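Descriptive analysis of the structure
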There are 2 protein chains.
Amino acid sequence: MKKAVILLSGGMDSTTVLAYAQKQGFDCYALSFSYGQRHSSELFAAATIAKEAHVRHEVIDLDLSRFGGSALTDDSIDVPDFKENKAQTKIPVTYVPARNTVFLSVALAWAETLNAHTIFIGVNAVDYSGYPDCRPAFIKAFEAVANLATKEGVEGTTAFTIQTPLINLTKGEIIKLGDSLGVDYSKTITCYSADNKGRACGQCDACILRIKGFEEANIEDNTRYKTKSK
Amino acid sequence: MKKAVILLSGGMDSTTVLAYAQKQGFDCYALSFSYGQRHSSELFAAATIAKEAHVRHEVIDLDLSRFGGSALTDDSIDVPDFKENKAQTKIPVTYVPARNTVFLSVALAWAETLNAHTIFIGVNAVDYSGYPDCRPAFIKAFEAVANLATKEGVEGTTAFTIQTPLINLTKGEIIKLGDSLGVDYSKTITCYSADNKGRACGQCDACILRIKGFEEANIEDNTRYKTKSK
């Protein structure tokens, strides 16, 4: 059975990716990070999701908040509410410097020791909120690094691949895919400011994209919101 | 003053790189990792070296030993003694899966928040012990990732560069360079199995390369050895 490392945040995208990878026949190893994020309730979600999917789950402590520079890890920067009419031209303050590069690197380290040649990441270029490290060109460049960096890439016969099954899907399409795979989205946390009961704010970029996604998919949204934006 | 992040292990190569970067006029930020390595005495060395160089020093906890797969992080794999007559055809067991990829990724995260565009790493393709992630092709590929992964790479005007001033130097040439820059190598730790007093084993690959380096440079070796190989 082919092994794969799955970057699992506990959000809807990565949870869909885990279900997708299992459906493709991969023996999955889920990897999460405690990186100083505000929304650590997503780590509880990730643990529950991994347990219910019967996969091994590692949570790596890596304190990126030491460096600051993001609203997701730095309490002095506010998470902004979604602004419908403001065209988004700049990378938002919720961007965490080099986050996906760091996550993929650690996933690569684990993959190599597991003798896995596939890493799954739930990046998305459609609703990607302007994050540079969600773009296809970034993923392709990292794949090149993976094959140059590793013992397996030099001595082995199987190349590493980074699989991004959601990269060209809209949020609605992701939800439809997950629904067809039996994903229970009520277990997932998307909100950047979820409370310690796992309730979403209903106001931030991530909540708004999630709400719109359920509308687009025409699937009932069973997320628990503190205040749901209309 | 241009800022740079320096990957500082506490060994002779990275210590030489720090002195070199300062000589080049960079405002340096030193980054070390507590990654579950056997030779944690190198972290004490790194702290001393950074302090004496008057640079900010961060030590990031990132437990790669959770994944195993290397003699440097896994107690069940022995660090081999150097074998003079055995041609080295395979990557050695002291290789830590994806280590430099992980280190460079975290350095990139810090660089981006510091508004630094340069990362220095003391990799070496001559005496590189067969590690894939010390080769020029790997460094070039990572540089491409850095410029695709980051806000600065997308919106900024200055490209990230990964500087590898030692990459084409022999160990003897590195020691000559460091000596000309005033590096005190007695403060550095190279040995994979140094004891908690900072004494080197004098037998492992790293010790043998160091001993030969001092001989080649014709500079007195003031390293403290438990047993010095002849």
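Above: the structure in question.
Residues numbered from 1 in each chain as written. Chains lettered and ligands numbered in written order. Predicted model: local features only at pLDDT ≥ 70, side-chain atom pairs only at ≥ 80, totals over all residues.

**Points about the overall build of chain A**
Assigned secondary structure in chain A consists of 7 helices and 5 strands. Counting every position in chain A, which comprises 230 residues, the buried fraction comes to 51%. In chain A, the share of contacts with a sequence separation of at least 24, taken over all contacts with a separation of at least 6, comes to 70%. (Helix = DSSP H or I, 4+ residues; strand = E, 2+ residues; numbered from the N terminus. Buried ≥ 20, exposed ≤ 12 C-beta atoms within 10 Å, placed from the backbone. Contact = placed C-beta atoms within 7 Å.)

**A closer look at the sheet that holds strand β3 (residues 56-61) of chain A**
Residue and element names in this part refer to chain A. Strand order across the open sheet formed by 5 strands is β3-β2-β1-β4-β5, with parallel pairing between neighbours. Each edge of the sheet is formed by a strand with only one pairing partner; in this case those strands are β3 and β5 (161-163). Neighbour-to-neighbour, the strand axes of the sheet open up by a mean angle of 25°, direction not taken into account. Pairing analysis gives 3 bridges linking strand β4 (residues 118-120) to β5, with the strands arranged parallel. Residue pairing in the sheet places I119 in a bridge with I162 of β5. On top of the sheet, helix α1 (residues 12-23) reaches β1 (3-7), β2 (27-34) and β4; it is set at about 170° to β1, its chief contact. (Pairing = 2+ DSSP bridges. Axes fitted to C-alpha atoms, helices over the stretch in contact; angles between N-to-C directions.)

**Observations concerning unusual backbone geometry**
Across residues other than glycine, the phi torsion is negative in most instances, and most of the peptide bonds are trans. All names here are of chain A. One non-glycine residue with positive phi stands out, namely A98, at about 60°. Summarising the element assignment, A98 is placed in the loop between β3 and α3 (99-114). Its identity as a non-glycine residue notwithstanding, N115 has a phi of 60°, on the positive side. Along the polypeptide, N115 turns up in the loop between α3 and β4. We classify N115 as exposed; it has 12 C-beta atoms within 10 Å.

**Details of α3 of chain A**
Residues and elements named next belong to chain A. With 16 residues, α3 should reach 22 Å at 1.5 Å per residue; the first-to-last C-alpha distance of 23 Å fits that figure. In terms of burial, α3 is largely enclosed, as 15 of its 16 residues are buried. Phi turns positive one or two residues past the end of α3, at N115, with a value near 60°. (Expected span 1.5 Å × (residues − 1).)

**Some points on helix α4 (residues 136-149) of chain B**
Residue pairs spaced three or four apart in an α-helix point in one direction, given the helix's 3.6 residues per turn. Under the 1.5 Å per step criterion, the end-to-end length of α4 of chain B is 20 Å for 14 residues, consistent within 8% with the ideal 20 Å. Those residues of α4 of chain B hidden inside the fold are in contact with α3 and α4 (136-149) of chain A together with α3 (99-114), α5 (151-155) and β5 (161-163) of chain B.

**Some words on the relation of the copies chain A and chain B**
Under the fitted operation, chain A is carried onto chain B by 0.0 Å of movement along the axis and a turn of 180°, and the coordinates agree to an RMSD of 0.0 Å. The superposition operator between the copies reduces to a two-fold rotation axis. (Least-squares fit on C-alpha atoms with pLDDT ≥ 70 in both.)

**Some points on the sheet that holds strand β1 (residues 3-7) of chain B**
All names here are of chain B. A sheet is described by the order of its strands in space; here 5 strands give the open sequence β3-β2-β1-β4-β5, paired in parallel fashion. Since the sheet does not close on itself, it has two edges, and those belong to β3 (56-61) and β5, each with one partner. Sheet twist, expressed as the average angle between the axes of neighbouring strands with direction ignored, equals 25°. Inspection of the sheet shows β1 paired to strand β2 (residues 27-34) by 5 bridges, in the parallel sense. Its bridge partner being in β2, V5 is matched across the sheet by Y29. Taken strand by strand, α3 contacts β1, β2, β3, β4 (118-120) and β5, and its axis lies near 160° from that of β1.

**Details of the interface of chain A and chain B**
On the side of chain B, 39 residues touch chain A, which itself brings 38 residues to the contact. Put simply, the parts of the chain that give the side of chain A that touches chain B at least two residues each are β3, α3, α4 and α5 (151-155) of chain A. The dominant element in the side of chain A that touches chain B, judged by the number of residues it contributes, is α3 of chain A, at 10 residues. Taken together, the residues of the side of chain A that touches chain B sort by class into 22 nonpolar, 8 polar and 8 charged. (Nonpolar A, V, L, I, M, F, W, Y, C, P; charged D, E, K, R; others polar.)

**What about the packing of helix α1 (residues 12-23) of chain B against helix α6 (residues 171-180) of chain B?**
Residue and element names in this part refer to chain B. At a closest axis distance of 9 Å, the pairing of α1 and α6 adopts a crossing angle of 40°. When the interaxial angle is binned, α1 and α6 end up oblique. When you trace α1 past α6, the crossing you get is left-handed. Across the interface between the two elements, M12, D13, T15, T16, A19 and Y20 from α1 touch I174, L177 and G178 from α6. Per-class residue counts for the contact of α1 with α6 are 5 nonpolar, 3 polar and 1 charged. (Parallel < 35°, antiparallel > 145°, perpendicular 65-115°, else oblique. Left-handed = near helix turned anticlockwise from the far one by under 90°.)

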